[in-house]
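Topology and contacts: notes
Residues per chain, in single letters:
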Amino acid sequence: MTANKNRVCYFFHPDVGNFHYGPKHPMKPQRLAVVHSLIGDYGLHNHMTVIQAPPATTRQLGFHSQEYIEFLQRVSPQTAEQYEDKFVKFNIGEDCPIFDGIYEFCSIYTGGSIAGAVRLNHKMCDIAINWSGGLHHAKKAEASGFCYVNDIVIAILELLKHHERVLYIDIDIHHGDGVQEAFYFCDRVMTVSFHKYGNLFFPGTGDMFDVGRGEGRLFSVNVPLREGMDDESYHSLFKPIIRQIIDTFDPKAIVLQCGADSLGCDRLGCFNLSFDGHGECVRFVKSLGIPLLVLGGGGYTLRNVARCWTYETAILTGQDKEISNDIPDTTEYLEYFAPEFTLKPELVPRVENANPKEYLSAIKQHTFDNLRMVRFAPSVQMQPIPDDFFNRDDLIEAELGPDVRGDDA
């Protein structure tokens, strides 16, 4: 796939890193500002079209229930007591707290994912990147796992306006339950999640026998893994399974969720993937040459999230062989990368690999057996294409030009 600047679009909003879940909460939106800064310091913005997408509107969040969205619009730390009777219903609590600007945060990260999908729909790019998106746990009327609005589901619904079939791939260490649930009965979206499963690991879903229902039977693919997954073990499953899915399902667009908590040494993770191992998944999916929306997700060791998504931006723009492993000393957040000051330091394993080859082989065989029962790639009857959320002219006007930070300096 071409690395032409105009064929890779990168979405960033300057306010997205300014929100705070709370001082002790592991989710740090500031990581997005650090990622963005490092991407600029490496000059990767020169190989992409940089875009500040408008925040999503209430209408664009229509996948979620009206009552839930109205709650997010109105609730704040100052009004929390007034809406406390809704907290249990909408799963508000320690994992999903109320913080200042909660609705604005959701609309900003979702706006980038929608705009990426629209650009792909109109063939205005081959790859769209929104590292602030990828919040895969949110349900139709419920927050979950640090996620409030499921931008992935909304972006996939947008892609389905122009693409017969969409493949969703999730390499976050947590099961992509919210996306799977949204398309559980659908055969136009195949959801594929590689995740830690067992021992009460959140969210506790994603067994390999969980394959969808009704018309969606066999279109939910779950790859449950044990702790300690290393690069070799991961790729022994990832590449053959994705290759088989491409042959079977024939997707016309792909959404790739790149949760960085599957890296070794993550604060909430227990895998041993290296930066190269994580990035190799991105490289492999890019090599398929299918329109691609790339999103962020989990990742709770801030410096490694920034390293991971910067390196993967380099892969997506074809610059991964060109950039230095030394962190540029001009970066605003240089102290974050001490003591190595490198882009891809070694991540020393903290847990042993509990995935014997026999176990991995059994998962792969089970997955292949299910895919063989998918007899054909579903098609769609001809019908009028629904209106886009953004029109083409608005998207062109949103381009920020050569300055990755979007200012005039």
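Residues numbered from 1 in each chain as written. Predicted model: local features only at pLDDT ≥ 70, side-chain atom pairs only at ≥ 80, totals over all residues. Heavy atoms only, no water.

**Some words on the overall build of the chain**
How we decide: Helix and strand assignments follow DSSP, with helices taken as H or I runs no shorter than four residues and strands as E runs no shorter than two, numbered in order from the N terminus. Here's how the labels work: a residue is buried when its accessible area is under 20% of the maximum for its type, exposed when over 50%, partly exposed in between, all with a 1.4 Å probe on protein chains only. By definition, residues are in contact when any of their heavy atoms lie within 4.5 Å. Accessibility throughout is a Shrake-Rupley quantity obtained with a 1.4 Å probe, and a residue counts as covered only by protein chains that appear here. Counted charges follow a simple rule, with Lys and Arg positive, Asp and Glu negative, and His plus the chain ends left uncounted. Every charge is mapped to an atom, namely NZ of Lys, CZ of Arg, CG of Asp or CD of Glu.
Helix and strand counts for the chain stand at ten helices and eight strands. With respect to the principal axes defined by its C-alpha atoms, the chain has extents near 55 × 50 × 45 Å. Across the 409 residues that make up the chain, the buried fraction comes to 60%. In the chain, the share of contacts with a sequence separation of at least 24, taken over all contacts with a separation of at least 6, comes to 81%. Element-wise, carbon and sulfur atoms account for 49% of the exposed surface of the chain, whose accessible area totals about 16600 Å². Averaged over its 37 positive side-chain charges, the chain has a centre that lies 5 Å from the centre of its 55 negative ones.

**Overview of unusual backbone geometry**
In this structure, P203 follows F202 across a cis peptide bond, with omega equal to 0 degrees. The topology assignment puts P203 in the loop between β5 (189–196) and β6 (220–225). Here A338 and P339 are connected by a cis peptide whose omega angle stands at 0 degrees. By the secondary structure assignment, P339 is in the loop between α8 (302–316) and α9 (357–372). Even without being a glycine, L200 presents a positive backbone phi close to 65 degrees. Mapped onto the fold, L200 is located in the loop between β5 and β6. Positioned with a positive phi, F341 is a non-glycine residue whose angle comes to about 55 degrees.

**Some remarks on α9**
This is how it is decided: A helix is expected to span 1.5 Å for every residue after the first.
Compared with an ideal rise of 1.5 Å per residue, which puts 16 residues at 22 Å, α9 spans 22 Å between its outermost C-alpha atoms and is within 8% of the ideal. Within α9, burial applies to Y359, L360, I363, H366, T367, F368, N370 and L371. If you follow the buried residues of α9, they end up packed against β5, β6 and α6 (231–249).

**Considering the packing of aromatic side chains**
Cut-off, in case you're wondering: Geometry of aromatic contacts follows a simple scheme: Phe, Tyr and Trp rings, the Trp one being its six-membered ring, pair when their centres are within 6.5 Å, and the pair is stacked under 30 degrees between planes, edge-to-face over 60, tilted otherwise.
Tallied over the entire structure, the rule returns 21 aromatic pairs. Here the aromatic rings of Y184 and F185 are separated by 5.7 Å at their centres, their planes lie at 80 degrees, and the arrangement is edge-to-face. Centroid distance F238 to F284: 6.3 Å. Interplanar angle 70 degrees. Geometry classified as edge-to-face. Residue F238 is found in helix α6, and its partner F284 is found in helix α7 (residues 275–287); the two are separated by 46 residues along the sequence.

**Brief notes about the pairing of strand β4 (residues 166–170)**
Where we set the bar: At least two bridges found by DSSP between two strands are what make those strands a pair. Think of it like this: strands point away, you trace from the first strand over the helix to the second, and a clockwise trace means the crossover is right-handed.
Within β4, five of the five residues are buried, which leaves it mostly tucked inside the rest of the structure. Residues V166, Y168 and D170 point to one face of β4 and L167 and I169 to the other, with burial holding for every one of them. Pairing geometry for β4 and β5, over five bridges, is parallel. When the sheet's bridge partners are listed, L167 is paired in β5 with M190. The handedness of the β4 to β5 crossover, carried by helix α5 (residues 177–182), is right-handed. In terms of strand pairing, β4 meets strand β7 (residues 253–257) through five bridges, oriented parallel. Each residue of the ladder has a partner; that of V166, found in β7, is A253.

**Focus on the UniProt feature "binding site: a divalent metal cation" (unreviewed entry) in the chain**
Note the cut-off: UniProt positions are given in the numbering used here, feature names are shortened, and annotations may be inferred rather than shown by experiment.
UniProt's entry tags D172, H174 and D261 with the feature "binding site: a divalent metal cation" (unreviewed entry), counted in the numbering of this structure. In terms of the greatest pairwise C-alpha distance, the residues named above, spread along 90 residues, form a tight cluster of at most 8.2 Å across. Within the secondary structure, D261 is located in the loop between β7 and α7. Relative accessible area serves as the criterion here: at 0%, D261 is assigned to the buried category. Ignoring sequence-local partners within four residues, the contact set of D261 consists of D172, I173, H174, D266, G269, G298, G299 and Y300.

**Comments concerning the nonpolar core**
Condition: Joining through side-chain atoms within 4.5 Å is the link that ties buried Ala, Val, Leu, Ile, Met, Phe, Trp, Tyr and Cys residues into a set, and such a set is a nonpolar core.
Membership of the largest hydrophobic core comes to 138 residues, with the highest contact counts inside it found for Y148 and F194. Setting aside residues up to four positions removed in sequence, F194 forms contacts with I169, D170, I171, D172, V223, L225, Y234, L237, F238, I241 and I242.

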